[in-house]
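# Coordinates in review
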Amino acid sequence: MFQPMDRRFSRRGALKCLAWAGTGVLWTVSGGIPRSFALDGAAAAAGAGFTFVQISDSHIGFHKPVNPDVTATLRETVARINALPVRPAFVVHTGDITDFSKPEEFDTAAEILKEIKGIPVHYVPGEHDLLDGDGQAYLARYGKGTLGNGWYSFDHGGVHVLALNNVAQFKPGGLGLLGDSQVAWLREDVAGLSSETPIVVLAHMPLWPAYAKWGWGTDDAVEALGYLRRFGSVTVLNGHIHQVMQKIEGNFSFHTARSTAFPQPEPGTAPGPGPLMVPAGALRDYLGLRSVTVQPGDGPLALTDRSLAS
Amino acid sequence: MLINLNLDLRLKYTAVLAAAAFWTAAGMTPALAADADVVIDNFAFVPATVTIAAGEAVTWTNHDDTPHQVLASDKSFRSPGLDTGEHYRLVFAKPGTYGYYCSLHPYMVGTVIVH
């Protein structure tokens with residue numbers, strides 16, 4: 001049935017979203033999908049609100065020619081975080097901390113990431129972190145205070161953050177999956193929140209069909225995100241595909257992040273989604289971190305993707 | 001549709017799997033000429049379907065630059081994470097149809113038919 005004015009696509013709703021989401025999104029609406037967002041310097045310097053950092057896909061243990069030293073590039077990423085002009089409130093790691101879920105890989109990652117001084121690091125698992133079968137290697141380290149197979153939520157500065165696990169319940173032939181228990185929990189978790197509450201969603205695999213042929217999506221994302229439709233601003237941060245990709249749909253903005261370890265090809269540009277071989281001198285152009293600056297009220301949220309080469 | 005089909009298979013063959021015995025160490029069973037090989041290439045099991053006789057083995061070898069892990073659709077067998085060039089050998093003692101997938105990339109699926 002044709003609906004001429006879906007609430008999600010109303011002009012008022014779009015303006016509200018833009019006001020909160022900042023110039024980067026405005027740029028997207030006026031000029032198509034950008035490769036990077038506006039610089040965050042001005043917004044961060046304004047004083048109010050806070051900044052957090054997203055890093056992803058460190059794959060500690062990976063040792064292929066494209067990057068034989070993934071610990072070095074993770075260390076560089078940590079140094080970038082520590083050198084940011086505005087101290088972030090926290091860091092989120094959106095999964096694939098390790099390559100093979102080996103205890104020594106988790107230990108190496110923890111040793112490097114503890115150099116992020118004085119601020120918490122929040123994690124969600126990637127499928128490479130659950131190769132032991134029952135997820136205990138991951139949960140023993142990062143599962144404290146979480147529910148189910150490792151999901152949870154927290155609040156900071158008026159923003160509600162949902163940290164989800166869409167990599168623990170795969171079905172043959174399927175994409176990522178949150179599962180009924182987690183979706184039911186999500187529904188309850190946000191039930192008492194005002195629709196003005198900015199929502200940030202973390203999950204390893206994209207929560208939109210970024211490229212289903214390579215498995216880059218989540219089968220039950222539409223149902224889960226349906227419970228967030230009433231919120232004025234929902235920012236979804238994923239990893240998994242080792243490149244920056246974004247999509248804006250109504251009040252939702254979806255963003256995948258660079259890896260700290262190695263790039264993957266753009267959708268459909270290679271026979272499969274394996275590591276993208278790039279010249280050693282160019283590797284750091286493809287790796288990086290993301291800063292997200294949140295301004296309460298009418299202030300902008302600005303996403304800045306920085307490569308390790310910048 | 002696919003999921004329903006696999007669910008049916010799972011129900012049908014649970015009893016068979018429960019009674020089956022698996023050996024994974026190469027030295028524990030005699031080498032048989034009819035054993036099947038599956039290579040993992042560009043995020044696909046090739047060939048996607050192999051047919052063997054009861055008591056024969058399937059060997060999966062990872063040719064990709066990324067890890068893969070063979071996991072039975074009903075979770076009755078699971079390889080270790082396979083790095084580039086590593087292989088996993090499994091003897092199927094009982095007749096049946098065994099669906100499997102990659103636990104890291106579930107869109108990669110395959111079938112072992114055991115007569």
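Source: prediction; values computed, not measured. (Residues numbered from 1 in each chain as written. Chains lettered and ligands numbered in written order. Predicted model: local features only at pLDDT ≥ 70, side-chain atom pairs only at ≥ 80, totals over all residues. Heavy atoms only, no water.)

Below, the discussion takes up the overall build of chain B. A count of helical and extended segments in chain B gives 1 helix and 8 strands. Its helices and strands in sequence order give chain B the pattern α-β-β-β-β-β-β-β-β, from N to C terminus. Of all intrachain contacts in chain B linking residues separated by at least 6 positions in sequence, the fraction that spans at least 24 positions is 57%. (Helix = DSSP H or I, 4+ residues; strand = E, 2+ residues; numbered from the N terminus. Contact = heavy atoms within 4.5 Å.)

All names here are of chain A. Buried residues dominate strand 10 (residues 288-294), accounting for 7 of its 7 residues. Note that strand 10 and strand 11 (residues 302-307) share 6 bridges and pair antiparallel. Paired with Thr 293 across the strands is Ala 302, a residue of strand 11. (Buried < 20%, exposed > 50% of the residue type's maximum accessible area, 1.4 Å probe, protein only. Pairing = 2+ DSSP bridges.)

This part covers helix 7 (residues 180-191) of chain A. Residues and elements named next belong to chain A. Its 12 residues place the ends of helix 7 17 Å apart at the C-alpha level, agreeing with the 16 Å of an ideal helix rising 1.5 Å per residue. Those residues of helix 7 that sit buried are Gln 182, Val 183, Trp 185, Leu 186 and Val 190. Looking straight down helix 7, one finds its buried side chains confined to an arc of 160°; they lie on one side. Turned more than 90 degrees off the buried face of helix 7, the exposed positions are Asp 180, Ser 181, Glu 188 and Ala 191. The secondary structure elements touched by the buried residues of helix 7 are strand 4 (152-156), strand 5 (159-163) and helix 8 (221-226). (Expected span 1.5 Å × (residues − 1). Arc of directions from axis to C-beta.)

By convention, interface size is frequently given as the accessible area that disappears when the constituent parts associate. Taken together, the contacts link 23 residues of chain A with 21 residues of chain B. Around 1,900 Å² of area is buried between chain A and chain B when both sides are counted, 66% of it from carbon and sulfur atoms. Counting the contacts that link chain A with chain B gives 1 salt bridge. A:Lys64 is paired through a salt bridge with B:Asp83; the nearest N and O atoms lie 2.8 Å apart. The tally of links between chain A and chain B comes to 6 residue pairs in polar contact (both at pLDDT 80 or more). Residue composition of the side of chain A that touches chain B, grouped by class: 10 nonpolar, 8 polar and 5 charged. (Buried area = accessible area lost by both parts, 1.4 Å probe. Salt bridge = Lys/Arg side-chain N within 4 Å of Asp/Glu carboxyl O. Polar contact = N/O pair within 3.5 Å; in protein donor to acceptor, adjacent residues only side chain to side chain. Nonpolar A, V, L, I, M, F, W, Y, C, P; charged D, E, K, R; others polar.)

Moving on to the sheet that holds strand 10 of chain A. Residues and elements named next belong to chain A. Strand order in the open sheet formed by 5 strands is 3-2-1-10-11, and the pairing between neighbours is mixed. Bordering the open sheet on either side are strand 3 (121-123) and strand 11, each of which pairs with just one other strand. Each strand of the sheet is rotated relative to its neighbour by a mean of 25°, with strand direction disregarded. With 3 bridges connecting them, strand 2 (residues 90-93) and strand 3 associate as parallel partners. When the bridges of strand 3 are listed, Val 92 appears paired with His 122. In this fold helix 4 (residues 70-82) packs onto strand 1 (50-55), strand 2, strand 10 and strand 11, with an angle of close to 175° to the strand it touches most, strand 1. (Axes fitted to C-alpha atoms, helices over the stretch in contact; angles between N-to-C directions.)

Residues and elements named next belong to chain A. Within the secondary structure, Leu 289 sits in strand 10. For Leu 289, a relative accessible area of 3% puts it in the buried group. Among all residues touching Leu 289, those that are not within four sequence positions of it are Val 53, Gln 54, Ile 55, Thr 77, Arg 80, Ile 81, Thr 304, Asp 305, Arg 306 and Leu 308.

The next point concerns the nonpolar core. All names here are of chain A. Counting residues in hydrophobic clusters, the biggest one holds 35 residues, and the most contacted among them are Ile 55 and Leu 113. Elements represented by at least two residues in this core include exactly strand 1, helix 4, helix 5 (103-113) and helix 6 (136-142). Those residues within four positions of Ile 55 in sequence are excluded, and the remaining contacts are Leu 74, Thr 77, Ile 81, Val 91, Val 92, His 93, Thr 94, Leu 113, Thr 260 and Leu 289. One finds Trp 185, Trp 208, Met 245 and Phe 254 within the second-largest nonpolar core, a separate group that totals 27 residues. (Core = buried A, V, L, I, M, F, W, Y, C linked by side-chain atoms within 4.5 Å.)

Right, let's get into unusual backbone geometry. With omega at -5°, the peptide bond leading from B:Val46 into B:Pro47 counts as cis. Relative to the helices and strands, B:Pro47 resides in the loop between strand 2 (45-46) and strand 3 (49-52). Here the phi dihedral of A:His242 falls at roughly 55°; this positive angle occurs in a residue that is not glycine. Among the secondary structure elements, A:His242 is positioned in the loop between strand 7 (234-238) and strand 8 (245-249). According to the relative accessible area criterion, A:His242 is buried, its value standing at 2%. Despite not being glycine, B:Asn42 has its phi angle at roughly 50°, a positive value.

Attention now goes to the packing of aromatic side chains. All names here are of chain A. All told, the structure shown has 21 aromatic pairs over all chains when counted by the stated rule. Taking the centre distance of 5.3 Å and the plane angle of 85° together, the rings of Phe 90 and Phe 154 count as edge-to-face. Here Phe 90 is found in strand 2, whereas its partner Phe 154 is found in strand 4, with 64 residues between them in sequence. Looking at Phe 90, the relative accessible area reads 2%, which means it is buried. For Phe 154, a relative accessible area of 14% puts it in the buried group. The interplanar angle of 90° and the centroid separation of 5.2 Å between the aromatic rings of Tyr 211 and Trp 214 together place this pair among those described as edge-to-face. (Phe/Tyr/Trp six-rings, centres within 6.5 Å; stacked < 30°, edge-to-face > 60°.)

Roughly 290 Å³ of volume is contained in the largest pocket. What lines the largest pocket is a set of 20 residues, among which A:Leu130, A:Gly133, A:Val167, A:Ala168 and B:Arg78 lie closest to the centre. Residue classes in the lining of the largest pocket are distributed as 9 nonpolar, 7 polar and 4 charged. (1 Å grid on protein atoms, 1.4 Å probe; cavity = no way out; pocket = protein on both sides within 12 Å on 5 of 7 lines; lining within 4 Å. Points joined across faces, edges and corners; volume = space filled by probe spheres on them.)

What the rule picks out here adds up to 3 cavities of 30 Å³ or more. In this structure, the largest cavity spans a volume of roughly 170 Å³. Around the largest cavity sit 22 residues that line it, and A:Glu127, A:His128, A:His240, A:Gln264 and B:His105 are the ones nearest its centre. Residue composition of the lining of the largest cavity, grouped by class: 10 nonpolar, 9 polar and 3 charged.

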